[in-house]
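Here is how the chains run, residue by residue.
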Amino acid sequence: MGEKYPYGGQAVIEGVMMRGPDSRAVAVRLPDQTIVVDRKPVGSLTKRVPVLKWPLVRGVVVLIESLVLGIESLTYSANQAVGEDEELTVKEMVLTIGAALGLAVLLFAVLPTALAHFLQKIAPGSLIQNLIEGVFRIVIFLAYVVAIGRLEDIKRVFQYHGAEHKVINAYEAGDELSVGLVQRHSTAHPRCGTSFILIVLVVSILVFSLLGKQVLWWRILSRVLLLPVIAGISYELVKLSGKYASVPWCRCLIAPGLWLQKLTTSQPDDGQVEVAITAFGAVLKAGD
């Protein structure tokens, strides 16, 4: 019997997106409480261009493809959740996504880098400055997650995030995908994007420490330019930790990410689990 495909997913507005080897499915709870499912075939450039399967390179490709797929799924779920009369236009979605990406660059690249740079007089040395910068970046990220987690809409997204993990955990454990059995499983999963982000933050400290002393503008720009390198390294670490999750040193590597998921996942109700099961079932059906 072959190894199970490492299914993944994403919480969206009032629903869940699940990704399989050849398709993705988005299940959304409509205002009238019915569930609508959108299933589409998906492919990957790594299947058509062999060089993109190389270690480090594949992580960048997966990240870009996941971002595109995630944005598409969020757009679909948002339009379904608000109803046909209030559907978001393409322009509105582009502006929203652009603003979100701009805020991310400002908070996680510009701000921590600038703060560390201005402390160079009391903390000399590139190694110390990069360590301080990394600490700032992690603190800002944690503060951001805690802050948005107080918003009611985001609380529901975090519940659907928990439902997504529960379903995948149940499937990987060989359990029947019924609401009752799925609810017994954990809301944490080692392949979660939250764990990936934490590894990115840690890896960035190590990579940036190799750059030496820099002027502020180049220091900020280098953080953005080196993101593909950091993402590639981080992807390999996540893939490795998932494959050897039972090995003690891998459990140590995974543990901080699982702890962090306590901030980005919440216990879902039965209805939210039902939505996640519906999305996952559609992906499994496509693979039959």
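Just so you know, these numbers come straight off a predicted model, no measurement behind them.

Considerations on empty space enclosed by the protein
For the coordinates displayed, the defined rule picks out one cavity of 30 Å³ or more. The calculated volume of the largest cavity comes to roughly 50 Å³. Around the largest cavity sit Ser-126, Gln-129, Asn-130, Gly-212, Lys-213, Gln-214, Arg-219 and Arg-223, which together line it. Where the lining of the largest cavity is concerned, the elements lending two or more residues are helix H4 (126-148) and helix H8 (216-225). Residue contributions to the lining of the largest cavity peak at three residues, all from H4.

Some thoughts on the packing of H4 against helix H10 (residues 248-264)
Between H4 and H10, whose axes approach to 9 Å, the crossing angle comes to 35°. On H10, the residues that touch Phe-141, Leu-142, Val-145 and Val-146 of H4 are Leu-260, Leu-263 and Thr-264.

Some thoughts on the layout of surface pockets
Of the volumes computed, that of the second largest pocket is approximately 170 Å³. Along the wall of the second largest pocket there are 15 residues; nearest its centre are Ser-195, Leu-198, Ile-199, Val-202 and Leu-253. Sorting the residues of the lining of the second largest pocket by element identifies helix H7 (193-208), helix H9 (227-243) and H10 as the ones contributing at least two each. With six residues, the single largest contributor to the lining of the second largest pocket is H7. Here the residues of the lining of the second largest pocket are counted per class, giving 12 nonpolar, three polar and no charged.

The rules behind each value
Residues numbered from 1 in each chain as written. Predicted model: local features only at pLDDT ≥ 70, side-chain atom pairs only at ≥ 80, totals over all residues. Heavy atoms only, no water. 1 Å grid on protein atoms, 1.4 Å probe; cavity = no way out; pocket = protein on both sides within 12 Å on 5 of 7 lines; lining within 4 Å. Points joined across faces, edges and corners; volume = space filled by probe spheres on them. Helix = DSSP H or I, 4+ residues; strand = E, 2+ residues; numbered from the N terminus. Axes fitted to C-alpha atoms, helices over the stretch in contact; angles between N-to-C directions. Contact = heavy atoms within 4.5 Å. Nonpolar A, V, L, I, M, F, W, Y, C, P; charged D, E, K, R; others polar.

It is worth stressing that arrangement in space is one thing and function is another; only the former is reported here.
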